[in-house]
Each structure stands twice: as structure tokens, then as C-alpha cells.
Amino acid sequence: MDTPTFVIPLWADLTAVALGGVQGALFASGFQGQRRLDLLGVAIIGILLGMGGGLIRDLLLGLTPATLQSNWYLITATLASLVGMLLSGIFQRLNRAIVMLDAVVIGLFGAFGTSKALALGMPAVPAVFVGVLAAVGGSVLRDVLMGLPVAIMHVGSLYAVAAGGGCAVLALTASFGVPLPIAAVVGLAVTTIVRVLAVLFDVSLPEQRKLYRRKVAVETTGIPIIRPDAPE
């Protein structure tokens with residue numbers, strides 16, 4: 001069986017970086033904990049979230065990180081973070097937009113990570129693992145840096161599960177001979193839909209004990225909770 005070929009287009013990789021940068025800056029701008037963030041802190045979080053997924057992906061694959069081979073990655077992440085800061089007041093009133101942005105970012109990094117791993121000849125299960133880590137790695141670094149509970153370790157809205165589902169569907173689709181770019185689009189769609197529906201209907205995995213996810217969400221505004229009957 002021939003190894004599938006797949007190269008992440010620069011524009012697509014930069015799109016993921018830009019959306020991650022905006023999402024990270026929006027998260028940091030809304031942080032209302034005891035230690036407020038200044039503009040530099042918000043920018044750092046945005047850059048970390050924008051570039052973190054790609055860095056983790058390439059390091060796991062034993063490659064020189066793509067984000068360090070072009071000037072455009074850091075420039076894009078920085079500009080996106082600035083945009084996120086400037087528009088934070090508007091976006092913080094649009095919970096649905098933040099949820100969709102978050103879901104798309106997870107889906108993009110997961111799809112790119114899994115696709116690149118498969119293209120390098122990695123078996124399906126490890127490739128999915130790489131994709132999931134690429135999808136959630138930026139947020140883990142963000143939470144650690146900000147001193148917050150790591151989101152994927154606590155009761156939440158199927159964050160890693162959504163990424164895992166999309167990456168698994170991508171790998172399964174590719175195994176049937178579907179070209180990787182098309183399989184990546186399918187995986188991205190699955191992750192986005194699962195994540196959005198999970199947040200919309202407040203679905204989560206069974207909890208081991210009561211964890212105060214809603215309290216964390218209120219303090220950080222980083223985990224929007226939307227009710228189906230909530231006003232636009």
C-alpha cells in the first residue's frame with residue numbers, strides 16, 4: 001500500500017495559526033481572575049495558542065517545526081492576537097461565535113496533525129493520537145501558563161472527545177482510499193459539529209465527582225455555556 005501524500009498548504013496552516021491566535025487572545029482578554037493580564041500577557045497567550053498545536057505536532061513527528069521555518073507564522077500569530085484584543089469587547093458578547101471559533105481551531109489542528117502523521121507513514125492509531133495532542137496541546141499550555149485547571153482534565157464539553165472523534169473519522173476515511181485533503185475536511189467537520197453540539201446542549205462525559213466547571217467558566221469566560229433557548 002502506497003504511503004498517502006499530503007502537504008499542508010501554507011495558507012491553511014497560517015489560517016489555523018490566525019484563528020488560534022484570535023481565540024487565545026479572546027480567552028485571555030476575558031480572564032477576570034485575581035491576577036489580571038496586561039497587553040503583553042494577552043498577546044503571549046494568543047501567540048502560544050496560535051502556534052502551540054503546530055509545534056507539538058511537528059515535535060511528536062520528529063520534524064523541524066514548520067512554525068520556525070517561515071517568518072509568517074509568528075507574524076500571523078502576533079497580528080491575530082492583536083485583532084483578538086481589539087475585538088474582545090465585541091466577541092465577548094457573541095458566545096456562539098466564540099464557540100464556533102473554538103471548535104474550528106480544534107478541528108483544524110486535529111485534522112492537520114493526523115493528516116501529516118498519516119502522510120509520513122504512521123499507523124492510524126498513533127496518527128490519531130498525534131492529531132488529538134495537536135488539537136488540545138495549545139489549550140493545555142495556555143491553562144498551565146495562566147495557572148488554570150487544565151480544561152481537558154475536568155468535566156467539560158467533550159473537548160478532547162470531539163478532537164478524537166474527528167481525527168478517528170479522518171483516519172478511517174483515509175484508510176478507504178479517500179484522498180487525505182478530503183478526509184481532512186471530513187474530520188474537521190466532525191470535530192466542529194461534535195464540539196458545537198456538546199457546548200450548545202451542555203453535554204459532558206460522566207464525572208468522577210463534582211467539579212466546578214461552571215465556576216471556572218464564569219471566572220475566565222473561556223468555556224462559554226449556551227442554552228438552546230438562549231437569546232442571540
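This text follows the structure it describes.
Keep in mind it's a predicted model, so treat the numbers as computed, not measured.

A.B. asks: Tell me about the side chain of Asp-58, and name the residues and values.
C.D. replies: Within the secondary structure, Asp-58 sits in helix H2 (residues 39–60). Ignoring anything within four residues of it in the chain, the contact list for Asp-58 reads Leu-63, Thr-64, Pro-65, Ala-66 and Lys-116.

A.B. asks: Please give an account of helix H7 (residues 159–175) that cites residues and values.
C.D. replies: The first and last C-alpha atoms of H7 sit 25 Å apart over 17 residues, in line with the 24 Å expected at 1.5 Å per residue. Listing the buried residues of H7 in full gives Tyr-159, Ala-162, Ala-163, Gly-164, Gly-166, Cys-167, Leu-170, Ala-171, Thr-173 and Ala-174. Phi turns positive, to about 90 degrees, at Gly-177, one or two residues after H7.

A.B. asks: Can you break down H2 residue by residue, with the values?
C.D. replies: A turn of α-helix holds 3.6 residues, and therefore any two residues three or four places apart point the same way. Here H2 is 22 residues long and its end C-alpha atoms lie 31 Å apart, about the 32 Å a rise of 1.5 Å per residue gives. The largest bend along H2 reaches roughly 40 degrees and is located at Met-51. A positive backbone phi angle near 70 degrees is found at Gly-62, which sits one or two residues after H2.

A.B. asks: Outline the packing of aromatic side chains, supporting the account with residue identities and numerical values.
C.D. replies: One pass over the full model with this rule turns up 0 aromatic pairs. Across the ring face of Phe-27, the terminal group of Arg-142 is positioned such that the distance to the ring centre comes to 3.9 Å.

A.B. asks: Lay out the pattern of salt bridges with the relevant residues and their values.
C.D. replies: By the definition in use, this model includes 5 salt bridges. Taking the shortest distance from any N to any O, the salt bridge between Arg-57 and Asp-13 comes out at 3.6 Å. Of this pair, Arg-57 sits in helix H2 while Asp-13 sits in helix H1 (residues 10–29); the two residues are 44 residues apart in sequence, bridging distant segments of the chain. In this pair, the class of Arg-57 matches that of Asp-13, namely buried. Asp-58 is the partner of Lys-116 in a salt bridge, and the nearest nitrogen-oxygen pair spans 2.9 Å. Of this pair, Lys-116 sits in helix H5 (residues 95–119) while Asp-58 sits in helix H2, and the two are 58 residues apart along the sequence. A single burial state applies to Lys-116 and to Asp-58, both of which are buried.

A.B. asks: Could you give me a rundown of the packing of H2 against helix H3 (residues 71–86), with the residues and numbers involved?
C.D. replies: The interhelical angle for the contact between H2 and H3, taken along N-to-C directions, is 130 degrees, at an axis separation of 8 Å. With respect to their mutual orientation, H2 and H3 come out oblique. The handedness of the crossing between H2 and H3 comes out as right-handed. Across the interface between the two elements, Leu-39, Val-42, Ala-43, Gly-46, Ile-47 and Met-51 of H2 pack against Tyr-73, Leu-74, Ala-77, Thr-78, Ser-81 and Met-85 of H3. Looking at the contact of H2 with H3 residue by residue, the classes come out as 9 nonpolar, 3 polar and no charged.

A.B. asks: Which residues make up the packing of H7 against helix H8 (residues 180–200), and what values go with them?
C.D. replies: Helix-helix packing is described using two parameters, namely the angle between the two axes and the distance between the axes. For the pair H7 and H8, interaxial distance at closest approach is 8 Å and the crossing angle is 155 degrees. With respect to H8, the element H7 is oriented roughly antiparallel. Pair H7 / H8 crosses with right-handed handedness. Within the contact between the two elements, H7 uses Tyr-159, Ala-162, Ala-163, Gly-165, Gly-166, Cys-167, Val-169, Leu-170, Thr-173 and Ala-174 and H8 uses Leu-180, Ala-183, Ala-184, Val-186, Gly-187, Val-190, Thr-191, Val-194 and Arg-195.

The rules behind these values
- Residues numbered from 1 in each chain as written.
- Predicted model: local features only at pLDDT ≥ 70, side-chain atom pairs only at ≥ 80, totals over all residues.
- Heavy atoms only, no water.
- Helix = DSSP H or I, 4+ residues; strand = E, 2+ residues; numbered from the N terminus.
- Contact = heavy atoms within 4.5 Å.
- Expected span 1.5 Å × (residues − 1).
- Buried < 20%, exposed > 50% of the residue type's maximum accessible area, 1.4 Å probe, protein only.
- Bend = angle between axes of the 7 residues up to and from the residue.
- Phe/Tyr/Trp six-rings, centres within 6.5 Å; stacked < 30°, edge-to-face > 60°.
- Lys NZ or Arg CZ within 6 Å of the ring centre and 35° of its normal.
- Salt bridge = Lys/Arg side-chain N within 4 Å of Asp/Glu carboxyl O.
- Axes fitted to C-alpha atoms, helices over the stretch in contact; angles between N-to-C directions.
- Parallel < 35°, antiparallel > 145°, perpendicular 65-115°, else oblique.
- Left-handed = near helix turned anticlockwise from the far one by under 90°.
- Nonpolar A, V, L, I, M, F, W, Y, C, P; charged D, E, K, R; others polar.

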